[in-house]
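Descriptive structure summary
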Amino acid sequence: MASARQNILERIQNALKTPTALPVSKPDFSKSPYTLPTEEGLDLIFAENFCKGKAEFYFATSVEEGFLQIKKWCDIFIENKRQDIISQGLDEEFYPTQIFVWEDYLQELCTAVEIAFNDTDKDLQNIDIGITFCEFLVARTGSIIVTSRQKTGRRLTIYPPVHIVVAFTSQIVMEVEDVMKILKSEPDFPSMISVVSGPSQTADIEKTLVLGAHGPKELILFLIDNTSAEAQD
Amino acid sequence: MNEQQNFQKDVEKKAFDMRHRQTINHNIDKYNQAVARGLHNFEDHELARSRASYIKTQVLENLDKYLLQFEENFESRGGKVLWAETKEEAQQYIWEILRKANTKIVVKSKSMTTEEIGLNEFLEEKHIENVETDLGEYIVQLAGQKPYHIVTPAMHLSRGDVGKIFEEKLNMPYTDNPQFLAMTCRNNLRDKYTTAEVGITGANFLIADVGGIAITENEGNARLSATFPKIHIAIAGIEKIIPNLEDLDLFWSLLATSGTGQRMTIYNTVYTGAKQSFETDGTEEMYVILLDNGRTKILADEQKRQSLACIRCGACLNVCPVYKNIGGHSYHTTYSGPIGSVISPHLLGMKDYKHLSYASSLCGACGTVCPVKIDLPQLLLKNRQESVEKGLQGFAEKLTFQLWENTMRKRARVDRWGARWKNWGFRQIFYNSWGKRREMPTLPKESFHDWWKKNRK
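Quick caveat: nothing in here was measured; it's all calculated off a predicted structure. (Residues numbered from 1 in each chain as written. Chains lettered and ligands numbered in written order. Predicted model: local features only at pLDDT ≥ 70, side-chain atom pairs only at ≥ 80, totals over all residues. Heavy atoms only, no water.)

**What about the side chain of Ser-253 of chain B?**
This is how it is decided: Helix and strand definitions here come from DSSP, where helices need a minimum of 4 consecutive H or I residues and strands a minimum of 2 consecutive E residues; each element is numbered from the N-terminal end. Whenever two N or O atoms come within 3.5 Å, that pair is a polar contact, provided that in protein one can donate a hydrogen and the other can accept it, and provided that, for residues adjacent in sequence, both atoms are side-chain atoms. The contact criterion used is simple: two residues touch if any of their non-hydrogen atoms lie within 4.5 Å.
Following the sequence through the fold, Ser-253 of chain B ends up in helix α12 (residues 248-260). At a separation of 3.4 Å, a polar atom in the side chain of Ser-253 of chain B contacts the side chain of Tyr-34 of chain A. If we skip the residues at most four places from it in the chain, Ser-253 of chain B touches Tyr-34 and Arg-140 of chain A together with Phe-42, Leu-248, Arg-263 and Met-264 of chain B.

What follows is the structure, encoded as structure tokens:
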């Protein structure tokens, strides 16, 4: 089968001796084909578009404020799960909420607000919540970009039923194209780049939307302002 | 029975199956509403289509160079590219990899190319547990069917149908609640991802400049299939190339809008290989199988070459009045609808599949919605032309046209028989093809020729 490569390439080269009968002239590549944003500033454009999707959005003007919000969110989740376990007649001891955090700086910040987390991949099958950073946010599409060069690897951004993302306004770019340009210019190009535009969903049964097909059922973004004049240190 | 007779038999049944029509109309109505909303994301959709069409045309004119560039870049990061001329070769490559890794379970994400090479049947023969992970594919796999639509595999099944399939195949209480059905699938597959040795996916795009593949999905099943297993195999047609990573911006936006009416599909993911040295997890090996299987034949035709620009969004199926009436299964091909009718005769044989190019009213709707501007109606006509040039019409058709030509060339021959015999002759000739549901026009006793002679002043 080593010659399969050669055979295919030869057939292609022979085929291309005759140029296409339906050539296409070069269109205008200078202007954007997309609808112009109604908001001003990358942060507001992003927020507007992100909130059109099914994900949850929280905004904080400082890291401290952001992590207190996350702590509160997790506490409510933990309490809800506890009630749920008790109402099923099960022992809550055996079903603790499992939060996984793998990135070093994120671990520090979570520790500071006393969020208890697992820093290994032991018991990953029992994960409830994964908290991660991301690489970029894209304003026009309201998307979160995660890659496998983050310490989260490929797993922590797709496997947990609940995915909490912590991001900064300085990470926002306008287009997916901008993300790709930056990533290409950097040395440690990741083996996986994922543009995430909401919680996992399916509409395969009668086009009825169901959240949480295989990936996270809930996607929660905590966006921390570190760029505007109101941002606190 | 040959393919054409099979087709006619199935079509006859499907087109008047009211339940089928109701289910399809319901789905396509919802699709239409979503697309109408999705188009608002474009200020100038036409410009976006022109760009995509231009990029794809340029790629196809230089396909060998882009494929080599893809191969070099992908392999420089540790991946392996395998070239397959036929579906059997592709199956063999996959089997070699599975055998070496002692594979028992494969998780598979939705991919029409794996349908094309008959991977499910092949793995079944080899006694490999092969799990379809996309919900729609999971449903049709449970039902023992083929995907009905290239984007929405279970489009033909109502929630009640799915409930019955789950009740019967999974031994669970009946429910027609989509939420509950989807969660059943989720729960059943969670362990599969983590125990499977190999994940097999398709690829929506091959990216030449970084040597990567891109997969578009809403569910996250492809991401999981390319995360936990040790080996990731992606299989893609050689025409899936785009030049640059940045081009994905345009193609992802167009694919989302035309495919499902979304602004962006939930997960658009690029893979450029297995886990790199600086990364924490991921696959250990990654293979990309580049499949020809007749594509170079299409490439060699300077008209039909254009059909290789297809990004498999399914828009032409959803808008096609023929598809909506006869449904996806009647085609008996991997790729259905207008694009399927255009390419299938070249992938599977003009002789057996030429009839698909005639199963079109040439209304032109498919051409107007295509995000890469493939002139589908024109290419359907080209297929008809080719099949006639190759003399592939049946004996009866050839004879009929010869007689027709002979008769029509001379007035005297037209007038040789009276209206009664002419009408009888027509009924004989069109006995099969006219159809039961429309009335055949009859010739009046007096021909126009005679009437004109009498009434001309």
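Picking up after the structure, the text goes on.
**Details of the pairing of strand β10 (residues 285-291) of chain B**
Both faces of the sheet carry side chains from a regular strand, because those side chains alternate between them. All names here are of chain B. Stated formally: Each residue gets one of three labels from its accessible area relative to the maximum for its type: buried under 20%, exposed over 50%, partly exposed in between, using a 1.4 Å probe on protein chains only. Pairing between two strands is assigned when DSSP locates at least 2 bridges connecting them.
Taken across its 7 residues, β10 has 6 buried, putting it largely inside the fold. Relative to β10, strand β1 (residues 80-84) runs parallel, the two sharing 5 bridges. Paired with Trp-83 across the two strands is Leu-290, which belongs to β10. Note: strand β7 (residues 231-237) against β10, 7 bridges, orientation parallel.

**Regarding the domain arrangement of chain B**
Note on interface size: it is often stated as the accessible area lost on association of the parts. The cut-off we apply is this: Note that the domain bounds were set by an automatic or database domain assignment.
When the domains of chain B are assigned, the result is domain 1 (1-41 + 316-392), domain 2 (64-293) and domain 3 (395-455). Summarising the inter-unit geometry, the C-alpha centres of domain 1 of chain B and domain 3 of chain B are found 31 Å apart.

**Topic: the interface of chain B and chain A**
Short version of the rule: Two parts placed together each lose some accessible area under a 1.4 Å probe, and adding up what both lose gives the buried area. Just to be clear on terms, a salt bridge is a Lys or Arg side-chain nitrogen sitting within 4 Å of an Asp or Glu carboxyl oxygen. Note on residue categories: nonpolar means Ala, Val, Leu, Ile, Met, Phe, Trp, Tyr, Cys or Pro, charged means Asp, Glu, Lys or Arg, and polar means any other residue, Gly included.
Counting from both sides, the interface comprises 103 residues of chain B and, opposite them, 82 residues of chain A. Contact between chain B and chain A buries roughly 8,200 Å² in total, counting both sides, with carbon and sulfur atoms accounting for 58%. For the pair chain B and chain A, the number of links is 9 salt bridges. As a salt-bridge pair, Asp-249 of chain B and Arg-140 of chain A come within 3.1 Å of each other at their nearest N and O atoms. At the junction of chain B and chain A, the tally comes to 61 residue pairs in polar contact (both at pLDDT 80 or more). When residues of the side of chain B that touches chain A are assigned to their parent elements, the largest contribution, 11 residues, is made by helix α10 (residues 178-195) of chain B. Here the residues of the side of chain B that touches chain A are counted per class, giving 43 nonpolar, 34 polar and 26 charged. Pairing between strand β8 (residues 192-196) of chain A and strand β9 (residues 267-271) of chain B: 5 bridges, direction antiparallel. By the bridge assignment for β9 of chain B, Met-192 of chain A is matched with Tyr-271 of chain B.

**A word on the pattern of salt bridges**
In total, this model carries 40 salt bridges over all chains according to the counting rule given. Here Asp-292 of chain B and Arg-11 of chain A are joined by a salt bridge, their closest N and O atoms 2.8 Å apart. Taken together, the residues Asp-292 of chain B in the loop between β10 and α13 (295-299) and Arg-11 of chain A in helix α1 (residues 2-15) connect one chain to another. A residue is classified by how much of its surface remains accessible, and Arg-11 of chain A, at 32% relative accessible area, is partly exposed.

**Here we look at the pairing of strand β5 (residues 143-147) of chain A**
All names here are of chain A. With respect to burial, β5 is a largely interior element, 5 of its 5 residues being buried. Residues of β5 alternate between two faces, with Ser-143, Ile-145 and Thr-147 on one and Ile-144 and Val-146 on the opposite face, all of them buried. Summarising the sheet, strand β4 (residues 136-138) and β5 pair through 3 bridges and their orientation is antiparallel. Within the sheet, the bridge partner assigned to Phe-136 lies in β5 and is Ile-145.

**A word on the sheet that holds β7 of chain B**
All names here are of chain B. To keep things clear, this is the line we draw: Axis lines are fitted through C-alpha atoms, for helices just across the contact stretch, and the angle between N-to-C directions can take any value from 0 to 180 degrees.
Strands sit in the order β1-β10-β7-β4-β2-β3 across an open sheet of 6 strands; the sheet is parallel. Whereas interior strands pair on both sides, the edge strands pair on one side only; in this sheet they are β1 and β3 (129-132). Each adjacent strand pair in this sheet contributes to an overall mean axis angle of 20 degrees, direction not counted. Sheet topology note: the strand β2 (residues 105-108)/strand β4 (residues 198-201) ladder contains 3 bridges and is parallel. The residue of β4 that forms the bridge with Val-106 is Val-198.

**Points about the environment of Ser-62 of chain A**
Residue and element names in this part refer to chain A. Assignment of secondary structure puts Ser-62 in the loop between β1 (56-60) and α3 (63-87). For the pair Ser-62 and Ala-231, spaced 169 residues apart in sequence, the C-alpha to C-alpha distance is 6.3 Å. Polar contacts involving the side chain of Ser-62 include one to the main-chain amide nitrogen of Glu-65, which spans 3.1 Å.

**As for the sheet that holds strand β5 (residues 205-207) of chain B**
Taken together, the 8 strands give an open sheet; going across it, the order is β7(A)-β4(A)-β5(A)-β8(A)-β9(B)-β6(B)-β5(B)-β8(B), and neighbouring strands pair in mixed fashion. The outermost strands of the open sheet, each flanked by one partner alone, are β7 (172-173) of chain A together with β8 (241-242) of chain B. Across the face of the sheet, helix α5 (residues 176-185) of chain A comes into contact with β4, β5, β7 and β8 of chain A together with β9 of chain B while running at roughly 155 degrees to β4 of chain A.

**Brief notes about the nonpolar core**
Selection criterion: Residues enter a nonpolar core if they are buried and are Ala, Val, Leu, Ile, Met, Phe, Trp, Tyr or Cys, with the set joined through side-chain atoms within 4.5 Å.
Ile-213, Leu-248 and Trp-252 of chain B are the most contacted members of the largest nonpolar core, which has 150 residues in total. Those residues within four positions of Trp-252 of chain B in sequence are excluded, and the remaining contacts are Val-176, Met-180 and Val-195 of chain A together with Phe-205, Ala-214, Thr-216, Met-264, Asn-268, Thr-269 and Val-270 of chain B.

**Describing a nonpolar patch on the surface**
All names here are of chain A. Applied cut-off: Patch rule: a residue counts if its relative accessible area is over 30% and it has no salt bridge; like charges are joined within 9 Å, and nonpolar side chains (Val, Leu, Ile, Met, Phe, Trp, Tyr) within 5 Å. The accessible surface values rely on the Shrake-Rupley method and a 1.4 Å probe; as for residues, cover is taken only from the protein chains in view.
Nonpolar side chains collect at one region of the surface, where Leu-90, Phe-94 and Tyr-95 lie side by side and expose about 320 Å² of accessible area between them. With respect to the helices, strands and loops of the structure, Tyr-95 is situated in the loop between α3 and β2 (99-101). Residue classification places Tyr-95 among the partly exposed residues on the basis of a relative accessible area of 38%.

**Details of helix α4 (residues 104-112) of chain A**
Residues and elements named next belong to chain A. The line we're drawing: The directions from the helix axis to the C-beta atoms are what the arc is built from.
For α4, every residue scored as buried is listed here: Leu-106, Gln-107, Leu-109 and Cys-110. The arc that holds every buried residue of α4, seen down its axis, measures 165 degrees, which confines them to one face. Those residues of α4 that are exposed and aimed more than 90 degrees away from the buried face are Glu-108 and Ala-112. Looking at the buried residues of α4, the elements they touch are α3, β2, β3 (129-133) and β6 (162-168). Positive phi appears at Glu-114, one or two residues downstream of α4, with a value of about 60 degrees.

**Observations concerning the packing of aromatic side chains**
The cut-off we apply is this: Between the rings of Phe, Tyr and Trp (Trp by its six-membered ring), a pair exists once the centres lie within 6.5 Å; its type follows the angle of the planes, with under 30 degrees stacked, over 60 edge-to-face, and the other angles tilted. The criterion is that NZ of a Lys, or CZ of an Arg, lies within 6 Å of the ring centre and within 35 degrees of the ring normal, and then a charge sits over that ring.
This structure, assessed with the given rule, holds 20 aromatic pairs over all chains. Their ring planes at 10 degrees and their centres at 5.7 Å tell us that Phe-70 of chain B and Phe-74 of chain B sit as a pair that is stacked. Residue Phe-70 of chain B and its partner Phe-74 of chain B are both found in helix α4 (residues 63-76); the two are separated by 4 residues, about one turn of the helix. Considered together, Phe-70 of chain B and Phe-74 of chain B belong to a single accessibility category, that of buried residues. Here the aromatic residues Phe-7, Tyr-148, Tyr-323 and Tyr-331 of chain B are joined through ring pairs into a cluster of three or more. Positioned above the aromatic ring of Tyr-159 of chain A is the side chain of Arg-190 of chain B, whose terminal nitrogen or guanidinium carbon lies 4.3 Å from the ring centre. The side chain of Arg-312 of chain B reaches across the aromatic face of Tyr-335 of chain B, ending 4.3 Å from its centre.

**Some points on the packing of helix α3 (residues 45-61) of chain B against α12 of chain B**
Working note: a packed helix pair is described by the angle between its axes plus the distance between those axes. Residue and element names in this part refer to chain B. The criterion, for reference: Working rule for angles: under 35 degrees goes down as roughly parallel, over 145 as roughly antiparallel, 65 to 115 as roughly perpendicular, anything else as oblique. Crossings are classed by handedness, with left-handed meaning an anticlockwise turn of the near helix from the far one by less than a right angle and right-handed meaning a clockwise turn.
Packing of α3 against α12 leaves a shortest axis separation of 10 Å and a crossing angle of 120 degrees. When the axis of α3 is compared with that of α12, the two are oblique. Note that α3 runs across α12; the crossing there is left-handed. Two secondary-structure elements touch here, α3 through His-45, Ala-48, Arg-49, Arg-51, Ala-52, Ile-55 and Lys-56 and α12 through Leu-250, Phe-251 and Leu-254.

**Quick notes on unusual backbone geometry**
Residue and element names in this part refer to chain B. Of note, the phi angle at His-332 is positive, near 55 degrees, even though the residue is not glycine. As for its position among the elements, His-332 is in the loop between α15 (321-326) and α16 (337-348). With a phi close to 55 degrees, Leu-362 is a non-glycine residue in the positive phi region. Here Leu-362 is to be found in the loop between α18 (355-358) and α19 (365-369). With relative accessibility at 31%, the residue Leu-362 sits in the partly exposed group.

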